[in-house]
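These are the residues of each chain, in order.
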Amino acid sequence: MIGVASLAPFLGGVLALGGIAAALSGRRELLVRWCCWAVGVPLVVGAFWWGGPGVTALALVVGVIAAMEFGGLMGLSRVERAVLAAAVSGAVLTSWLAPGHEVRAVAVGALAIAAVPLLAGDCAHGLRRLMAGLLGLVWLSVLTALVALGETALVLFIAVSIGDIVAYFAGQRLGGPRLSPLSPAKRWSGTLSGAAAALGVLAALSALSPPMAVAVAVGAPAGDLLESMVKRGTQAKDSAHWLAGSGGLLDRIDSLLLALAVLLLLR
(Lines give C-alpha, C1' and ligand atoms only; values in the text may rest on other atoms or scores of the structure.)
Protein backbone atom coordinates (compact mmCIF):
# COMPACT_ATOMS: atom_id res chain seq x y z
CA MET A 1 0.00 0.00 0.00
CA ILE A 2 1.19 3.54 -0.77
CA GLY A 3 2.52 5.50 2.23
CA VAL A 4 1.15 8.80 3.46
CA ALA A 5 3.94 10.86 1.87
CA SER A 6 3.40 9.19 -1.50
CA LEU A 7 -0.30 10.08 -1.42
CA ALA A 8 0.38 13.83 -1.48
CA PRO A 9 0.93 14.14 -5.28
CA PHE A 10 -2.14 11.98 -5.94
CA LEU A 11 -4.34 14.09 -3.69
CA GLY A 12 -2.88 17.31 -5.04
CA GLY A 13 -3.76 16.24 -8.57
CA VAL A 14 -7.29 15.24 -7.58
CA LEU A 15 -7.85 18.57 -5.78
CA ALA A 16 -6.51 20.50 -8.78
CA LEU A 17 -8.80 18.67 -11.19
CA GLY A 18 -11.72 19.17 -8.82
CA GLY A 19 -10.98 22.89 -8.60
CA ILE A 20 -10.89 23.22 -12.38
CA ALA A 21 -14.17 21.31 -12.74
CA ALA A 22 -15.83 23.44 -10.03
CA ALA A 23 -14.63 26.65 -11.68
CA LEU A 24 -15.81 25.56 -15.13
CA SER A 25 -19.24 24.62 -13.76
CA GLY A 26 -19.83 28.19 -12.61
CA ARG A 27 -21.83 26.87 -9.64
CA ARG A 28 -21.11 28.71 -6.40
CA GLU A 29 -22.16 25.69 -4.33
CA LEU A 30 -19.49 23.52 -5.94
CA LEU A 31 -16.83 26.20 -5.54
CA VAL A 32 -17.61 26.52 -1.83
CA ARG A 33 -17.47 22.75 -1.38
CA TRP A 34 -14.15 22.59 -3.20
CA CYS A 35 -12.73 25.29 -0.93
CA CYS A 36 -13.73 23.20 2.10
CA TRP A 37 -12.01 20.15 0.61
CA ALA A 38 -8.92 22.23 -0.23
CA VAL A 39 -8.63 23.18 3.45
CA GLY A 40 -9.73 19.88 4.99
CA VAL A 41 -7.75 17.35 2.95
CA PRO A 42 -4.28 18.75 3.85
CA LEU A 43 -5.29 18.79 7.52
CA VAL A 44 -6.38 15.14 7.37
CA VAL A 45 -3.25 14.02 5.51
CA GLY A 46 -1.06 16.00 7.90
CA ALA A 47 -2.67 14.26 10.87
CA PHE A 48 -1.96 10.83 9.39
CA TRP A 49 1.58 11.85 8.47
CA TRP A 50 2.17 12.77 12.13
CA GLY A 51 1.21 9.23 13.15
CA GLY A 52 -0.61 8.06 16.27
CA PRO A 53 -0.84 11.42 18.07
CA GLY A 54 -2.02 13.20 14.93
CA VAL A 55 -4.66 10.62 14.01
CA THR A 56 -5.87 10.51 17.61
CA ALA A 57 -6.21 14.30 17.70
CA LEU A 58 -8.08 14.22 14.39
CA ALA A 59 -10.45 11.49 15.61
CA LEU A 60 -11.07 13.39 18.86
CA VAL A 61 -11.98 16.63 17.07
CA VAL A 62 -14.20 14.85 14.57
CA GLY A 63 -15.82 12.74 17.30
CA VAL A 64 -16.67 15.70 19.52
CA ILE A 65 -18.12 17.77 16.67
CA ALA A 66 -20.10 14.83 15.28
CA ALA A 67 -21.42 13.97 18.75
CA MET A 68 -22.66 17.52 19.24
CA GLU A 69 -24.32 17.50 15.82
CA PHE A 70 -25.94 14.11 16.43
CA GLY A 71 -27.16 15.24 19.83
CA GLY A 72 -28.70 18.30 18.23
CA LEU A 73 -30.47 16.17 15.63
CA MET A 74 -31.90 13.90 18.30
CA GLY A 75 -32.96 16.71 20.61
CA LEU A 76 -30.59 15.74 23.43
CA SER A 77 -29.81 18.22 26.19
CA ARG A 78 -26.43 19.94 26.49
CA VAL A 79 -25.48 17.61 29.32
CA GLU A 80 -26.33 14.55 27.24
CA ARG A 81 -24.37 15.86 24.27
CA ALA A 82 -21.37 16.53 26.50
CA VAL A 83 -21.55 13.02 27.99
CA LEU A 84 -21.82 11.49 24.50
CA ALA A 85 -18.83 13.51 23.29
CA ALA A 86 -16.84 12.45 26.36
CA ALA A 87 -17.77 8.79 25.82
CA VAL A 88 -16.67 8.87 22.18
CA SER A 89 -13.46 10.68 23.14
CA GLY A 90 -12.75 8.05 25.80
CA ALA A 91 -13.06 5.27 23.23
CA VAL A 92 -10.73 7.08 20.81
CA LEU A 93 -8.11 7.73 23.49
CA THR A 94 -8.29 4.10 24.58
CA SER A 95 -7.63 2.98 21.03
CA TRP A 96 -4.37 4.92 21.11
CA LEU A 97 -3.23 4.48 24.72
CA ALA A 98 -4.58 0.99 25.47
CA PRO A 99 -5.29 -0.89 22.21
CA GLY A 100 -7.53 -3.91 22.68
CA HIS A 101 -9.62 -2.33 25.44
CA GLU A 102 -11.90 -0.27 23.22
CA VAL A 103 -14.97 -2.40 24.01
CA ARG A 104 -14.51 -1.73 27.72
CA ALA A 105 -14.21 1.98 27.08
CA VAL A 106 -17.43 1.94 25.03
CA ALA A 107 -19.16 0.00 27.82
CA VAL A 108 -18.12 2.62 30.39
CA GLY A 109 -19.40 5.31 28.04
CA ALA A 110 -22.72 3.50 27.67
CA LEU A 111 -23.15 3.42 31.44
CA ALA A 112 -22.44 7.14 31.65
CA ILE A 113 -24.99 7.86 28.91
CA ALA A 114 -27.59 5.71 30.65
CA ALA A 115 -26.97 7.46 33.96
CA VAL A 116 -28.20 10.85 32.72
CA PRO A 117 -31.88 9.99 32.06
CA LEU A 118 -31.88 7.57 34.99
CA LEU A 119 -30.73 10.19 37.48
CA ALA A 120 -33.14 12.70 35.95
CA GLY A 121 -36.03 10.27 36.50
CA ASP A 122 -37.41 11.05 33.05
CA CYS A 123 -40.42 8.76 32.65
CA ALA A 124 -41.76 10.45 29.53
CA HIS A 125 -38.68 10.64 27.33
CA GLY A 126 -35.98 8.74 29.21
CA LEU A 127 -36.06 5.68 26.95
CA ARG A 128 -35.85 7.75 23.78
CA ARG A 129 -32.96 9.77 25.16
CA LEU A 130 -31.16 6.61 26.24
CA MET A 131 -31.58 4.87 22.87
CA ALA A 132 -30.48 7.99 21.01
CA GLY A 133 -27.37 8.32 23.14
CA LEU A 134 -26.43 4.66 22.73
CA LEU A 135 -26.94 4.82 18.96
CA GLY A 136 -24.66 7.84 18.80
CA LEU A 137 -22.02 6.11 20.90
CA VAL A 138 -21.96 2.93 18.81
CA TRP A 139 -22.03 4.88 15.56
CA LEU A 140 -19.32 7.40 16.39
CA SER A 141 -17.04 5.05 18.33
CA VAL A 142 -16.14 3.57 14.95
CA LEU A 143 -13.74 6.53 14.76
CA THR A 144 -11.41 4.44 16.90
CA ALA A 145 -10.65 2.58 13.66
CA LEU A 146 -8.80 5.66 12.39
CA VAL A 147 -6.18 5.06 15.06
CA ALA A 148 -6.14 1.29 14.71
CA LEU A 149 -5.97 1.17 10.90
CA GLY A 150 -3.57 4.06 10.29
CA GLU A 151 -2.69 4.51 6.61
CA THR A 152 -5.38 2.03 5.60
CA ALA A 153 -8.01 4.35 7.08
CA LEU A 154 -6.57 7.27 5.09
CA VAL A 155 -6.78 5.30 1.84
CA LEU A 156 -10.35 4.30 2.71
CA PHE A 157 -11.20 7.96 3.36
CA ILE A 158 -9.84 8.95 -0.06
CA ALA A 159 -11.70 6.17 -1.88
CA VAL A 160 -15.00 6.86 -0.10
CA SER A 161 -14.72 10.62 -0.66
CA ILE A 162 -14.07 10.28 -4.38
CA GLY A 163 -16.84 7.69 -4.62
CA ASP A 164 -19.28 10.09 -2.95
CA ILE A 165 -18.40 12.88 -5.39
CA VAL A 166 -18.76 10.64 -8.44
CA ALA A 167 -22.06 9.25 -7.11
CA TYR A 168 -23.42 12.79 -6.67
CA PHE A 169 -22.68 13.88 -10.24
CA ALA A 170 -23.45 10.55 -11.92
CA GLY A 171 -26.82 10.31 -10.20
CA GLN A 172 -27.76 13.78 -11.44
CA ARG A 173 -26.58 13.09 -14.98
CA LEU A 174 -27.76 9.51 -15.48
CA GLY A 175 -30.96 9.49 -13.43
CA GLY A 176 -32.82 6.20 -13.20
CA PRO A 177 -34.47 4.34 -10.30
CA ARG A 178 -34.19 5.78 -6.81
CA LEU A 179 -31.86 4.02 -4.41
CA SER A 180 -34.17 4.20 -1.38
CA PRO A 181 -37.18 6.14 -0.04
CA LEU A 182 -34.83 7.27 2.74
CA SER A 183 -32.99 9.46 0.24
CA PRO A 184 -35.10 10.20 -2.85
CA ALA A 185 -32.35 12.26 -4.52
CA LYS A 186 -29.99 9.30 -4.71
CA ARG A 187 -30.11 6.97 -7.72
CA TRP A 188 -28.84 3.48 -8.34
CA SER A 189 -26.86 4.87 -11.27
CA GLY A 190 -25.00 7.23 -8.96
CA THR A 191 -24.39 4.58 -6.30
CA LEU A 192 -22.98 2.07 -8.78
CA SER A 193 -20.86 4.73 -10.49
CA GLY A 194 -19.51 5.89 -7.13
CA ALA A 195 -18.69 2.33 -6.10
CA ALA A 196 -16.83 1.76 -9.38
CA ALA A 197 -14.84 4.97 -8.89
CA ALA A 198 -13.96 4.04 -5.30
CA LEU A 199 -12.80 0.59 -6.38
CA GLY A 200 -10.69 2.22 -9.09
CA VAL A 201 -9.05 4.47 -6.49
CA LEU A 202 -8.25 1.46 -4.30
CA ALA A 203 -6.71 -0.33 -7.28
CA ALA A 204 -4.65 2.75 -8.19
CA LEU A 205 -3.34 2.97 -4.63
CA SER A 206 -2.53 -0.76 -4.44
CA ALA A 207 -5.09 -1.18 -1.67
CA LEU A 208 -7.77 -3.25 -3.39
CA SER A 209 -8.77 -6.29 -1.34
CA PRO A 210 -12.10 -8.05 -0.67
CA PRO A 211 -12.63 -6.31 2.73
CA MET A 212 -11.77 -2.88 1.31
CA ALA A 213 -13.96 -3.48 -1.75
CA VAL A 214 -16.99 -4.40 0.36
CA ALA A 215 -16.34 -1.44 2.66
CA VAL A 216 -16.45 1.14 -0.16
CA ALA A 217 -19.09 -0.54 -2.35
CA VAL A 218 -21.55 -1.58 0.38
CA GLY A 219 -20.58 0.08 3.66
CA ALA A 220 -20.25 3.62 2.31
CA PRO A 221 -23.67 3.80 0.58
CA ALA A 222 -25.29 2.15 3.61
CA GLY A 223 -23.70 4.76 5.89
CA ASP A 224 -25.16 7.53 3.78
CA LEU A 225 -28.62 5.94 4.03
CA LEU A 226 -28.24 5.50 7.79
CA GLU A 227 -27.75 9.21 8.30
CA SER A 228 -30.61 9.92 5.89
CA MET A 229 -32.85 7.75 8.07
CA VAL A 230 -31.80 9.66 11.19
CA LYS A 231 -32.39 13.04 9.52
CA ARG A 232 -35.75 11.99 8.10
CA GLY A 233 -36.79 10.75 11.54
CA THR A 234 -36.00 14.17 12.98
CA GLN A 235 -37.25 16.10 9.92
CA ALA A 236 -33.87 17.74 9.36
CA LYS A 237 -32.16 18.42 6.02
CA ASP A 238 -28.61 18.63 7.38
CA SER A 239 -26.89 17.59 10.60
CA ALA A 240 -25.82 21.23 11.15
CA HIS A 241 -25.37 24.50 9.26
CA TRP A 242 -21.83 25.64 10.07
CA LEU A 243 -19.84 23.88 7.33
CA ALA A 244 -20.09 25.95 4.15
CA GLY A 245 -21.72 24.05 1.31
CA SER A 246 -21.98 20.85 3.30
CA GLY A 247 -24.29 21.38 6.27
CA GLY A 248 -22.44 19.64 9.07
CA LEU A 249 -19.43 17.40 9.62
CA LEU A 250 -21.65 14.36 10.18
CA ASP A 251 -23.02 14.87 6.66
CA ARG A 252 -19.47 14.48 5.33
CA ILE A 253 -18.37 11.44 7.34
CA ASP A 254 -21.56 9.33 7.33
CA SER A 255 -20.32 7.12 4.48
CA LEU A 256 -16.87 6.76 6.02
CA LEU A 257 -18.21 5.66 9.41
CA LEU A 258 -20.02 2.58 8.16
CA ALA A 259 -17.24 1.82 5.67
CA LEU A 260 -14.82 1.73 8.62
CA ALA A 261 -17.19 -0.51 10.58
CA VAL A 262 -17.48 -2.96 7.67
CA LEU A 263 -13.71 -3.02 7.22
CA LEU A 264 -13.15 -3.71 10.93
CA LEU A 265 -15.62 -6.61 10.87
CA LEU A 266 -14.18 -8.20 7.74
CA ARG A 267 -10.57 -7.83 8.84
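Residues numbered from 1 in each chain as written. Predicted model: local features only at pLDDT ≥ 70, side-chain atom pairs only at ≥ 80, totals over all residues. Heavy atoms only, no water.

## Some thoughts on the overall build of the chain
To keep it simple, the criterion reads: Put simply, DSSP marks the helices as runs of H or I at least four residues long and the strands as runs of E at least two long, and each gets a number from the N terminus on. Put simply, the radius of gyration uses C-alpha atoms, and a globule should come to 2.2 Å times the residue count raised to 0.38. The buried label applies to any residue whose accessible area, calculated with a 1.4 Å probe on protein chains only, is under 20% of its type's maximum; exposed applies above 50%, and partly exposed to all values in between. Throughout, a contact is declared for two residues whenever any of their heavy atoms are within 4.5 Å. Method for areas: the Shrake-Rupley scheme with a 1.4 Å probe, in which residue coverage is limited to the protein chains shown.
For the chain, the helix and strand inventory stands at 11 helices and 0 strands. The secondary structure elements of the chain, listed N-terminal to C-terminal, are α-α-α-α-α-α-α-α-α-α-α. At 18 Å, the chain has a C-alpha radius of gyration in line with the 18 Å of a compact globule built from 267 residues. Projected onto the principal axes, the alpha-carbon positions of the chain cover approximately 55 × 40 × 30 Å. Looking at the chain as a whole, 46% of its 267 residues are labelled buried. Pairs at least 24 apart in sequence give 69% of the contacts found in the chain among residues at least 6 apart. Of the roughly 12900 Å² of accessible surface on the chain, a fraction of 70% belongs to carbon and sulfur atoms.

## Thoughts on empty space enclosed by the protein
Let me state the cut-off plainly: Put simply, the grid is 1 Å and covers the protein atoms alone, a cavity is a trapped set of points that fit a 1.4 Å probe, a pocket is an open set with protein on both sides within 12 Å along at least five of seven lines, and lining residues have an atom within 4 Å of a point. Grid points are joined across faces, edges and corners, and a volume is the space filled by probe spheres set on the points.
Within the structure shown, the criterion is met by 1 cavity of 30 Å³ or more. Taken as a whole, the largest cavity encloses approximately 70 Å³ of empty space. Of all the secondary structure elements, the ones that give two or more residues to the lining of the largest cavity are α4 (78-97), α5 (102-120) and α6 (126-140).

## Observations concerning the environment of S189
The cut-off we apply is this: Here a polar contact means two N or O atoms within 3.5 Å. Within protein one must be a hydrogen donor candidate and the other an acceptor candidate, and residues neighboring in sequence count only if both atoms are side-chain atoms.
Following the sequence through the fold, S189 ends up in helix α9 (residues 188-204). In this structure S189 comes out as buried when scored by relative accessible area, which is 17%. Other than its neighbours up to four places away in sequence, S189 contacts A170, G171, L174 and G175. Within the structure, the side chain of S189 is placed 2.6 Å from the backbone oxygen of G175, a separation counted as a polar contact.

## Description of the packing of aromatic side chains
The cut-off we apply is this: Any Phe, Tyr or Trp ring, taking Trp's six-membered ring, that has another such ring centre within 6.5 Å forms a pair; planes under 30 degrees apart are called stacked, those over 60 apart edge-to-face, and the others tilted.
Applying the stated criterion across every chain, the model contains 3 aromatic pairs. Ring centres of Y168 and F169 lie 5.1 Å apart, and the angle between their planes is 80°; on these two criteria the pair is classed as edge-to-face. A residue is classified by how much of its surface remains accessible, and F169, at 34% relative accessible area, is partly exposed.

## Topic: the confidence of the model for the chain
To be explicit about the condition: Think of pLDDT as the predictor's per-residue confidence, scored from 0 to 100.
Averaged over all residues, the pLDDT of the chain equals 89, while 98% of them reach at least 70. Per-element confidence in the chain ranges from a low mean pLDDT of 76 for helix α1 (residues 4-25) to a high of 96 for α4.

## Quick notes on unusual backbone geometry
The backbone of S206 shows a phi angle near 55°, a positive value even though the residue is not glycine. Even without being glycine, Q235 reaches a positive phi, approximately 55°. With respect to the secondary-structure elements, Q235 resides in the loop between α10 (210-233) and α11 (249-266). Classification of Q235 as exposed rests on a relative accessible area of 76%.

## Some thoughts on the pattern of salt bridges
Put simply, the rule is: Salt-bridge detection follows one rule: a side-chain nitrogen of Lys or Arg within 4 Å of a carboxyl oxygen of Asp or Glu.
Inspection of every chain in the model, using the stated rule, returns 5 salt bridges. Of the charged contacts in the structure, one is a salt bridge between E80 and R129, with a shortest N-O distance of 2.4 Å. With a gap of 49 residues between them, E80 in helix α4 and R129 in helix α6 connect regions that are remote in the sequence. Comparing E80 with R129, the two get one shared label, buried. Among the salt bridges present, the one from K231 reaches E227, with a minimum N-O distance of 3.8 Å. Taken together, the positions of K231 and E227, both in helix α10 and 4 residues apart, correspond to about one turn of that helix. Judged by relative accessible area, K231 falls into the buried class, the value being 12%. Overlapping salt bridges, with partners in common, bring together E227, K231 and D251 in one network.

## Structural notes on helix α2 (residues 28-50)
In an α-helix, one turn spans 3.6 residues; hence positions three or four apart end up facing the same way. Our working rule: For a helix, the expected span equals 1.5 Å multiplied by the residue count minus one.
Between its terminal C-alpha atoms α2 stretches 34 Å, which fits the 33 Å expected from 23 residues at 1.5 Å a residue. Inspection of α2 places L30, V32, V41, V44, V45, A47 and F48 among the buried residues, and these make up the whole buried set.

## Comments concerning the nonpolar core
In plain terms, the rule: Only buried residues count toward a nonpolar core. Its members are Ala, Val, Leu, Ile, Met, Phe, Trp, Tyr and Cys residues joined through side-chain atoms within 4.5 Å.
Judged by nonpolar contacts, the single largest core of 66 residues is most densely connected at F48, L146, L154, L156, I158, L250 and L260. When residues of this core are assigned to their parent elements, the largest contribution, 10 residues, is made by α11. Non-local contacts of L250, meaning those with residues more than four positions away in its chain, are made with A66, E69, F70, L73, W139, L140, E227, S239 and L257.

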